[in-house]
Amino acid sequence: MTEQHLVAVIALDGVVSFDLGTPTQIFGTARDETGHRKYQIAVCSPGGLPVETSAGYKVLPEHGLEILERAETVVVAGIHRGDPVERGTLDPAVARALRSAHEAGKRVMSICTGAFVLAAAGLLDERPATTHWWWAERFREFFPQVKLDADVLFVDDGDVLTSAGVGAGIDLCLHVVRTDFGSEVANRAARRSVVPPWRDGGQAQYIERPLPRPADATLAATRSWAAERLDAPLSLQDLAAHANMSVRTFTRRFREETGVSPARWLLQRRVDHARALLESTNLPVEVVARRSGLGTAAGLRQHLQNTIGVAPSAYRRTFRVVPEGVGG
């Protein structure tokens, strides 16, 4: 790594302004204790031409894609329109530039829907990756060969890294700074940007998960039955009996339909219910724990921390949707 690591940020038409600003802000504020900048940032576009943002204004990058030849890290900012997110295809010139950079051993990253660009260039084939949960279904439709995990903030797969939306791009950039230059430099960049210095990449995105429609699967009735009894102790035998199946058959069928085990699904529903109660009521944490089937306040804290990485009180402060004083 050179003394000043060159990061090339690619802006394509429809670029998300926040995503474009994230790497320039985080890498641009990464400095050592003497104030020396650790990164040099270069924003580029095909031909160095002006790029229309999704916010309704244009930006004029100072470089064309040839800067990728000198860069050590390449970041693709998210986009809200264009061929990658609308058709799963990519300008051949952009695809060639990205593949050449990767083949030359450069680190390649994406923020949010920038993952569509990397996937369309073939850089995510058979790799784990993530993107914003809102775009996950379309991503899977376009790129079934990618091992998408839309439940995490970012994925570090060595030479190719992807992040979820908006704030997760900050997390990924800070993770890279920490990897390159250590925690002190990363923490200093976080302080200058007034953002949390660290969130684990495996932490869950805040995702709204609706229950499947009854017509979607044969065990929907049992799932609905269980969802109405989250506060009760439900064993695998109880669920299989309701479905009129053996435990073995029920477990296999359940996993086929949902992709997870019955126990994992039940825990997800209970955590989801607890989150809904925290958002919509002022019930004490102990009551929320009982009503959601998570047992004690300690159990609720543990499961919420394990699932989405925050404590009940922090979650309630962030997502409260009712005025103070409203019960449930």
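Procedures and definitions
Residues numbered from 1 in each chain as written. Predicted model: local features only at pLDDT ≥ 70, side-chain atom pairs only at ≥ 80, totals over all residues. Heavy atoms only, no water. Buried < 20%, exposed > 50% of the residue type's maximum accessible area, 1.4 Å probe, protein only. Helix = DSSP H or I, 4+ residues; strand = E, 2+ residues; numbered from the N terminus. Pairing = 2+ DSSP bridges. Axes fitted to C-alpha atoms, helices over the stretch in contact; angles between N-to-C directions. Contact = heavy atoms within 4.5 Å. Polar contact = N/O pair within 3.5 Å; in protein donor to acceptor, adjacent residues only side chain to side chain. pLDDT = per-residue confidence, 0-100.

Looking at the pairing of strand β5 (residues 73-76)
No. 1: Of the two faces of β5, both are covered, the one formed by Thr 73 and Val 75 as well as the one formed by Val 74 and Val 76.
No. 2: Judged from the 4 bridges that link them, strand β1 (residues 5-10) and β5 form a sheet pairing that is parallel. Within β5, the residue paired with Ile 10 across the bridge is Val 76.

Brief notes about the sheet that holds strand β9 (residues 154-156)
Note on sheets: strands pair through backbone hydrogen bonds, and any given pair is parallel or antiparallel.
No. 1: If you walk across this open sheet you meet the 6 strands as β2-β1-β5-β6-β10-β9, and the pairing is mixed. Either end of the sheet is taken by a strand with one partner, and the two such strands are β2 (39-44) and β9. Neighbouring strand axes in the sheet, compared pairwise and without regard to direction, differ in orientation by 15° on average.
No. 2: Sheet strands in contact with helix α6 (residues 167-181) are β1, β2, β6 (107-110), β9 and β10 (160-163), and its direction is about 145° off that of β10.

Some details on the side chain of Arg 107
No. 1: Here Arg 107 is to be found in strand β6.
No. 2: A distance of 2.7 Å separates polar atoms of two side chains, one belonging to Arg 107 and the other to Asp 180.
No. 3: When residues no more than four places from it in sequence are discounted, the contact partners of Arg 107 are His 5, Glu 72, Thr 73, Val 74, Asp 159, Leu 161, Val 176 and Asp 180.

So, the pairing of β6
No. 1: Along β6, one buried face is formed by Arg 107 and Met 109 and the opposite face, lined by Val 108 and Ser 110, is buried too.
No. 2: One ladder, built from 3 bridges, connects β6 with β10; its direction is parallel. Across the sheet, the residue bridging to Val 108 is Val 160, located in β10.

A closer look at the confidence of the model for the chain
No. 1: When pLDDT is averaged across the chain, the result is 88; 89% of the residues are at 70 or more.
No. 2: Note on residues 322-328: pLDDT under 50 across the span, and 14 contacts to partners over four residues away in sequence or across chains.

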